[in-house]
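Structure at a glance
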Amino acid sequence: MGTDIHTVQFSTADYQRFSQRLEANLQRLEALLAVPGFGEGPASLGAELELYVVDGAGRPAHLNEELQAAAGDEQLTLELNRYNLEYNLSPVAVADSPFLSLEEEICRKLGTLRQLAAQRDALVVPIGILPTLQRDDFGPACMTPKRRFAALVEQLIARRGRHFTININGQHPLQLAMDDITLEGANTSFQVHYRVAPERFADVFNAIQAVTPLALAVAGNSPTLFGHSLWQETRIPLFKQSIDTRLPDRYAWKEPARVNFGQGWVRRDALELFAEAVRLYQPLLPVCAEEAGDPASLELRELQLHQSTVWLWNRPVYDAAAGGHLRVEMRALPAGPTAADMVANAAFLIGMAEGLQPGLQRWLPALPFSIAEHNFYRAVQEGLAARLVWPRPQQTVCEEQSAASLVADMLPVARRGLDAIGIAGTESDRYLGIIERRLATGQTGARWQLAHLGQPESRTRPDLTQLSAMLEAYRLRSETNEPVAEWPQ
C-alpha cells in the first residue's frame, strides 16, 4: 500500500497491459494454491495503526513528513493527508503471545512518536475521526506530496467528476459535497492481519465476516464529524461515500462501490475473492512491474497493487514473503481509544471467528449474506443499542436480538476460539475482560465522546471549543493506556 509509483498519467495501452498482467497473476495464484503445502506455516498476527498529528489546540498539524524523517523508522509510513501517519506493526506468531506483543509494540512506538512530536509542539492521537476537523482541513493543500496519492485522487475524480457527496444521518444529519477525495483521510483505523492456511481460508474469512458487526458494536470510536453527532462508527459511511465513483443514475448499471462489505459468502477458496476484485473493478493505478518476470515467481505485483485500490472491510491479502501466504485483513476496527482497547477488539473479533468456525457449515446457512451486511451497517450506526439478526442457539432461523446481548453471548465463544489457536488463558483474560467491562459499563469510545460533549441529549451541535476540550480529555486518558470502560466523564 505504501509503495510509491513513478507516474500519475496513464494511457489506454497502460490499462491494457496492466489488465493482461492481472490475468496472468490470477492464473499464477491459482497454480500456487494448487501446490500441496503452499501457504502453510505458523499462524501470525500483525496490524497497521493510523494516527492523527495535532497541535496544542487539537487542530490538525501538517507534520507527517517531518515526523517520519525524524523517526527514521521503516515501519512508519505516510498517509493521504499531511496530518496522518501509519505504523506497520511487526507480525507475531500466534504461539508467541501475539496480543500482548502487539499492545507492547503499540505503546512503545507511540511513546517514541509522541516524544518526537512534542519537540515540534505537536501531539499524536489514535482516534477514529478527529472531532476538531473543519472543512478547510481538506483539499489539495492538505495532501501528502506523493505521486501515488496524486494519481489515486486524479483517477477517482476522473471516474466521478467533482462533487463527491456525503449524506449521513444521525442526531445532527450531515450533507455536503467535496471536490476531491481528501475527506477519506478523516478516517483512521486499526487494521488487523491474520495469516490463515489456504485450506482454512474460506471458512475463517466467512466467520470473520459474520462476526465483524458484533465486534464493531462494542468498539465504536467515531461518533462525530464537523461537530455533527452521527453514527457510532461514522468512519464506515464516510469512507464509502468519500471515494464513491459511481454516478447517481438510476437507469445505468453501476459497479459495486469500491468500499463495501462484500458480494457474498466465499464458497470454495481465496481465489474467488481475488478474481472478484479483478473482474468487478477497473484498475485505478495501472502500473506494471518493469519486467514481466519469471512465470514461476512468487511476486504478483500487479494483483497486489490492484487489491490495494479495492477497499473491502475484510480483504484477502496475498504476500510473497515466507514462501507465499494468505492473510485476512480486518479493516473495519477504529483507531483508539488506547492500545489495550484496540488489541482487545482484535482478540474478540478473531476469537469469535475461530470459536464459531468449527460449526460454520451448520450455522452459516441460517445467516444469509444480505443479513450479515444488514448487521454490519446497523452495528456501526447504533453500536451496542443496535438490533441485529442472528441465529438462536440450536436453531436454523434468524431472530432479531440486541447487540449487547449478542456480544455477551459471544464472550465464551471468543474464549473458546482463542483457546483453540493456542492463546494463553491469562492473555485471553486480559483482552476479553476489557470487552466484558465495556459491555458492563456500556461505555465505548464513541459513547464516552458523546457523553463528554453532552450528547445525545442536546440538539445543539458542540462548538470548536467544546470539541477541543473533549479531545484533550480523551488524549490525556488515551496516553495512560487505561481501557475506555474505566474512563470517568
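This write-up is about the structure you can find in this document. (Residues numbered from 1 in each chain as written. Predicted model: local features only at pLDDT ≥ 70, side-chain atom pairs only at ≥ 80, totals over all residues. Heavy atoms only, no water.)

Quick word on the overall build of the protein chain
Note the cut-off: What counts as a helix is a DSSP run of H or I of at least four residues, what counts as a strand is a run of E of at least two, and both are numbered from the N terminus. Just to be clear, the radius of gyration here is over C-alpha atoms, and the globule rule we use is 2.2 Å times residues to the power 0.38. Here's how the labels work: a residue is buried when its accessible area is under 20% of the maximum for its type, exposed when over 50%, partly exposed in between, all with a 1.4 Å probe on protein chains only. Pairs of residues are marked as contacts when any of their non-hydrogen atoms sit within 4.5 Å. Only the protein chains shown count as cover for residues, and the accessible areas themselves come from Shrake-Rupley with a 1.4 Å probe.
Looking only at helices and strands, one finds 15 helices and 16 strands in the protein chain. Taking 489 residues into account, the globule formula puts the C-alpha radius of gyration at 23 Å, and the protein chain, at 22 Å, falls close to it. For the protein chain, the spread of C-alpha atoms along the three principal axes comes to 60 × 55 × 50 Å. For the protein chain, with 489 residues in total, the buried portion stands at 60%. Relative to all contacts within the protein chain whose residues are 6 or more apart in sequence, the contacts with residues 24 or more apart total 76%. For the protein chain, the accessible surface area stands at approximately 19100 Å², while carbon and sulfur atoms represent 50% of it.

Focus on the packing of helix α5 (residues 198-217) against helix α9 (residues 339-356)
Just so we agree on the cut-off: A fitted line through C-alpha atoms represents every axis, and for helices the fit uses only the stretch in contact; the resulting angles, taken between N-to-C directions, go from 0 to 180 degrees. Note that the term roughly parallel is reserved for angles under 35 degrees, roughly antiparallel for angles over 145, roughly perpendicular for angles of 65 to 115, and oblique for everything else. A clockwise turn of the near helix away from the far one marks a right-handed crossing, whereas an anticlockwise turn of less than a right angle marks a left-handed crossing. Classification convention: Asp, Glu, Lys, Arg as charged; Ala, Val, Leu, Ile, Met, Phe, Trp, Tyr, Cys, Pro as nonpolar; all other residues, Gly among them, as polar.
In contact at an axis separation of 8 Å, α5 and α9 are set at 125 degrees when each is read in the N-to-C sense. With respect to each other, α5 and α9 are oriented oblique. Crossing geometry of α5 relative to α9 is assigned as right-handed. Here α5 contributes Arg 200, Val 204, Ala 207, Ile 208, Val 211, Thr 212, Leu 214 and Ala 215 to the contact with α9, which in turn contributes Phe 348, Leu 349, Met 352, Ala 353, Glu 354 and Leu 356. Split by residue class, the contact of α5 with α9 holds eleven nonpolar, one polar and two charged.

As for the packing of aromatic side chains
What describes a pair of aromatic rings is the distance from one ring centre to the other and the angle between the planes of the rings. Put simply, the rule reads: By convention, a stacked pair of Phe, Tyr or Trp rings (six-membered ring in the case of Trp) has centres within 6.5 Å and planes under 30 degrees apart, an edge-to-face pair has planes over 60 apart, and any other such pair is tilted.
Counted by the stated rule, this structure contains 17 aromatic pairs. Centre to centre, the rings of Tyr 83 and Phe 138 are 6.5 Å apart; their planes meet at 80 degrees, and the pair counts as edge-to-face. Remark: Phe 138 occurs in the loop between β5 (122-125) and α4 (147-160) and Tyr 83 occurs in the loop between β2 (76-78) and β3 (84-88); sequence separation between them is 55 residues. We note that Tyr 83, like Phe 138, is buried. Measuring from centroid to centroid gives 6.3 Å for Trp 448 and Tyr 474, while their planes differ by 55 degrees, and the two rings are tilted. Within this pair, whereas Trp 448 is found in helix α14 (residues 445-452), its partner Tyr 474 is found in helix α15 (residues 464-478), the two being separated by 26 residues in sequence. The two residues Trp 448 and Tyr 474 agree in class, both being buried. The structure contains a cluster of three or more aromatic residues connected by ring pairs, namely Phe 239, Phe 261, Trp 265, Trp 311, Trp 313, Phe 369, Phe 376 and Tyr 377.

Quick notes on helix α7 (residues 271-280)
Most of α7 is tucked away: seven of the ten residues are buried. Looking at the buried side of α7, the elements it contacts are α1 (12-33), α5, α8 (301-307), β13 (314-319) and β14 (325-330).

Let's talk about the pairing of strand β15 (residues 387-391)
As a reminder of what qualifies: For two strands to be treated as a pair, DSSP must find at least two bridges joining them.
Within β15, four of the five residues are buried, which leaves the element mostly enclosed by the surrounding structure. Across five bridges, β15 lies against strand β16 (residues 398-402) in antiparallel orientation. From the neighbouring strand, Arg 387 faces β16, where its bridge partner is Ser 402.

Quick word on the nonpolar core
Rules: Residue types Ala, Val, Leu, Ile, Met, Phe, Trp, Tyr and Cys, when buried and joined through side-chain atoms within 4.5 Å, form a set referred to as a nonpolar core.
Of all hydrophobic cores here, the largest spans 161 residues; its most connected members are Phe 99, Ile 106, Leu 133, Phe 190, Phe 348 and Trp 390. The greatest single-element share of this core, amounting to 13 residues, is contributed by α9.

A few points about the side chain of Gln 191
Heads up, the condition is: We define a polar contact as two N or O atoms separated by no more than 3.5 Å, with the added condition that, inside protein, one atom must be a possible hydrogen donor and the other a possible acceptor, whereas residues neighbouring each other in sequence contribute only through side-chain atom pairs.
Within the fold, Gln 191 resides in strand β8 (residues 190-196). Residue Gln 191 is classed as buried on the basis of its relative accessible area, which comes to 4%. Within polar-contact distance, the side chain of Gln 191 engages the side chain of Glu 50 at 3.2 Å. Those residues in contact with Gln 191, other than ones at most four positions away along the chain, are Gly 46, Ala 47, Glu 48, Glu 50, Glu 86, Glu 329, Met 330 and Arg 331.

Comments concerning the environment of Ala 403
With respect to the helices and strands, the residue Ala 403 is situated in helix α12 (residues 403-420). For Ala 403, a relative accessible area of 0% gives the class buried. Each C-alpha atom of the pair Ala 403 and Ala 217 lies 6.6 Å from the other, and the pair is 186 residues apart in sequence.

Describing the environment of Gln 232
Along the chain, Gln 232 turns up in the loop between β10 (228-229) and α6 (235-242). Non-local contacts of Gln 232, meaning those with residues more than four positions away in its chain, are made with Gly 220, Asn 221, Ser 222, Pro 223, Val 380, Gln 381, Glu 382, Gly 383, Thr 444, Ala 446, Arg 447 and Leu 450.

Observations regarding unusual backbone geometry
In this structure, Pro 337 follows Gly 336 across a cis peptide bond, with omega equal to -5 degrees. Non-glycine residue Ser 97 carries a positive phi angle of around 45 degrees. Take Ser 97: it is sitting in the loop between β4 (92-93) and α3 (98-118).

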